[in-house]
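Chain residues, written in single-letter form:
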Amino acid sequence: MSKFKVDDSLDLRGVLCPINFVKTKLKLEEMEPGDHLEVLLDEGDPIANVPRSVKEEGHMILKVDREGEHAYRIIIKKS
Amino acid sequence: MSLPKTIDLAAMKTGGLIKQREKDLFAIRLRVPVGRMGADHLRKIGELAKKYGNGMLHFTVRQGIEIQGVPFADIQTARDELEAAGLRIGACGPRFRVVTACPGAAVCPNGLVDAGALGLEADERFYGQPEGLELPHKFKVTFAGCTSCCPKPQENDVGFHGQVEPVLFEDECNGCGICEVTCKEGAIIMGDDDLPVRNEAKCIYCGDCINSCPTDAWKVKRTGLAAFAGGRWGRHPELGQKLADFVEPEKAMDIIAGVLKFYKDEGKRGERLGVTINRVGLTELKRRVL
Ligand code: SF4
Ligand code: SF4
Ligand code: SF4
């Protein structure tokens, strides 16, 4: 478990690229600057692509931790 | 069949005309360096394919376009009209073939080098019969923008892909660990101090860590090209062997020129470069080219 607060959460395990990114982007749009969004992503393409796209949108990844054997939990800070 | 009087036999020898299965029908191969073409040219090709051919086009695996079903008697007129529109005829036979490339850094988010621009430069300089000398066999070159190698550089006589060496600015790292999970090679492990450690031996210089790092703590130390030589497909496929890492993009043309010279000097008629290298040795090729 990470030490960061969490304001909202999305479980995108089983959701394919780029839908997982689009859902993340839409959720971030509803949130306030500085808020933290927790997202669960599968290993492979999702964890390779979504954080990078989130970065390109100008938001900050604060932490990534393993979630079970085949997924990751990332914390995004909205810019 | 009778030859039309006006046909330019010398021009025919440079290639680009492919005899079809059907009697008296030819396909005209167009030269489309790096697979890039303006919409107006494409429209013109469509128009001429209907006027002279059977209305069908073939997109070749080397990013070219062939107009199918052109009757022998119409070849010269079709060629003249293509050339008047600024389109060029492609090569076949033992020549330096049209250079292929992916869109590279100019378009693709993964691109590390401008593969398209490098490909166009190589095509302008070497296409056909460089310096008027006959090559032992065909010679294919491609440029890939990154380590994903979409246009298959290792299957070409000379192939390049972009690469980048990352360097960590520790002060800027927030310890998130994204680079560790993003590196597909397992070359990055988060240390006990929450700083990533990169294992040089496992790193393939893809740059994914640089692209994924949220704080830009991973930065570009140097960008360049990995160069391969001797790859081919066909009946006896063989992958190209690594010539060098981190070739400066400006030096890519010198590498091609050097390999071509080696091939002309050492290659036996009808043998592809890879066979020549297997006979003469990669070390010798490197000694002469690098
Ligand atoms: S080789 Fe790299 S830069 Fe070129 S198209 Fe593929 S992913 Fe993009
Ligand atoms: S450049 Fe690629 S292989 Fe090397 S450490 Fe970074 S992500 Fe891993
Ligand atoms: S991705 Fe960047 S900020 Fe995160 S651990 Fe790696 S170097 Fe540090």
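Let us look at the structure shown here.

Reading the values: the criteria
- Residues numbered from 1 in each chain as written.
- Chains lettered and ligands numbered in written order.
- Predicted model: local features only at pLDDT ≥ 70, side-chain atom pairs only at ≥ 80, totals over all residues.
- Heavy atoms only, no water.
- Helix = DSSP H or I, 4+ residues; strand = E, 2+ residues; numbered from the N terminus.
- Buried < 20%, exposed > 50% of the residue type's maximum accessible area, 1.4 Å probe, protein only.
- Areas by Shrake-Rupley, 256 points an atom, 1.4 Å probe, with all protein chains shown as cover.
- Lys, Arg positive; Asp, Glu negative; His and termini not counted.
- Charge placed at Lys NZ, Arg CZ, Asp CG, Glu CD.
- 1 Å grid on protein atoms, 1.4 Å probe; cavity = no way out; pocket = protein on both sides within 12 Å on 5 of 7 lines; lining within 4 Å.
- Points joined across faces, edges and corners; volume = space filled by probe spheres on them.
- Nonpolar A, V, L, I, M, F, W, Y, C, P; charged D, E, K, R; others polar.
- Domains from an automatic or database assignment.

Points about the overall build of chain B
Next, step 1: Scanning chain B from terminus to terminus reveals 9 helices and 11 strands.
Next, step 2: Taking all 290 residues of chain B together, 50% fall into the buried category.
Next, step 3: Summed over its atoms, the accessible surface of chain B is roughly 14200 Å², and 52% of this surface lies on carbon and sulfur atoms.
Next, step 4: The average position of the 40 basic charges and that of the 39 acidic charges among the side chains of chain B differ by 10 Å.

Quick look at empty space enclosed by the protein
Residues and elements named next belong to chain B.
Next, step 1: Here the structure, examined in full by the defined rule, presents 3 cavities of 30 Å³ or more.
Next, step 2: The computed volume of the largest cavity comes to approximately 100 Å³.
Next, step 3: What lines the largest cavity is a set of 15 residues, among which C183, C203, C206, G207 and C209 lie closest to the centre.
Next, step 4: For the lining of the largest cavity, the secondary-structure elements that each account for two or more residues are β7 (158-168) and α6 (208-212).
Next, step 5: Of the residues that constitute the lining of the largest cavity, the class distribution is 10 nonpolar, 1 polar and 4 charged.
Next, step 6: The calculated volume of the second largest cavity comes to roughly 70 Å³.
Next, step 7: Looking at the second largest cavity, it is lined by 14 residues, and the ones nearest its centre are C173, C176, C179, P196 and C213.
Next, step 8: Of the residues that constitute the lining of the second largest cavity, the class distribution is 10 nonpolar, 4 polar and no charged.

Digging into the layout of surface pockets
Next, step 1: For the largest pocket, the calculated volume is near 440 Å³.
Next, step 2: Lining the largest pocket are 19 residues, with N49(A), R52(A), N110(B), K184(B) and D208(B) sitting closest to its centre.
Next, step 3: The set of elements that each furnish at least two residues to the lining of the largest pocket consists of α2 (45-56) of chain A together with α6 of chain B.
Next, step 4: In terms of residue count, α2(A) provides more of the lining of the largest pocket than any other element does, 6 residues in total.
Next, step 5: The residue makeup of the lining of the largest pocket, split by class, is 5 nonpolar, 8 polar and 6 charged.
Next, step 6: Each of domain 2 (100-163 + 223-289) and domain 3 (165-220) of chain B gives at least three residues to the lining of the largest pocket.

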